[in-house]
Amino acid sequence: MSTEAPAVRLEAGALFVSGAIDAHNVAPLRAEGERLITAAGNSVVVDLSGLSTTHSVILSMLLCWSRLAEKQGVVLSFAGAPDRLVSLAALSSLADWLQSRP
């Protein structure tokens, strides 16, 4: 398993989330993602294909970003969610939410 440092970066209207995210490092990533979403404009695709871990705190972070985006009038969509993250989302009845995004 990769232990790549977690990161969030905005590039060409996409928010790329990568690395090993867990309960110990999620807070600063959440804050950085919120800052980037606020500055991004009216539409952001969150690319999750670079994740090297699957953890419930990732779903929590994505839900927080979704609430912020809704308040800001930003259309947030998800791409590249790893199968394990979708399976974890299904345990909380969130798989449709995670996959139904354009």
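What you see is a predicted model, and the numbers here were worked out from it, not measured in a lab.

Caption draft 1: Helix α1 (residues 26–40), seen in detail. In this model, α1 (15 residues) spans 20 Å end to end at C-alpha, consistent with the 21 Å of a helix rising 1.5 Å per residue. Within α1 the residues assigned to the buried category are V26, L29, G33, L36 and I37. Relative to the axis of α1, the buried residues are bounded by an arc of 100° and lie together on one face. Of the residues in α1, the exposed ones pointing more than 90 degrees away from the buried face are A27, P28 and A39. Where the residues of α1 are buried, they touch β1 (7–11), β2 (14–19), α2 (56–72) and β4 (75–79).

Caption draft 2: Structural context of the pattern of salt bridges. Applying the stated criterion across every chain yields a total of three salt bridges. With a closest N to O distance of 3.3 Å, E11 and R9 form a salt bridge. Taking relative accessible area as the criterion, E11 reaches 43% and is therefore assigned partly exposed. One salt bridge in this structure joins R35 and E32, with 2.7 Å as the shortest N-O distance. On the criterion of helical spacing, the pair formed by R35 and E32 is a turn pair, its members being three residues apart in helix α1.

Caption draft 3: Quick look at α2. With 17 residues, α2 extends 25 Å from end C-alpha to end C-alpha; this agrees with the ideal 24 Å at 1.5 Å per step. Among all positions in α2, only V57, I58, L59, M61, L62, C64, W65, S66, L68 and A69 are buried. After α2 finishes, the residue G73 shows a positive phi value of roughly 75°.

Procedures and definitions
Residues numbered from 1 in each chain as written. Predicted model: local features only at pLDDT ≥ 70, side-chain atom pairs only at ≥ 80, totals over all residues. Heavy atoms only, no water. Helix = DSSP H or I, 4+ residues; strand = E, 2+ residues; numbered from the N terminus. Expected span 1.5 Å × (residues − 1). Buried < 20%, exposed > 50% of the residue type's maximum accessible area, 1.4 Å probe, protein only. Arc of directions from axis to C-beta. Contact = heavy atoms within 4.5 Å. Salt bridge = Lys/Arg side-chain N within 4 Å of Asp/Glu carboxyl O.

Remember that the coordinates give geometry; whether it matters functionally is a separate question.
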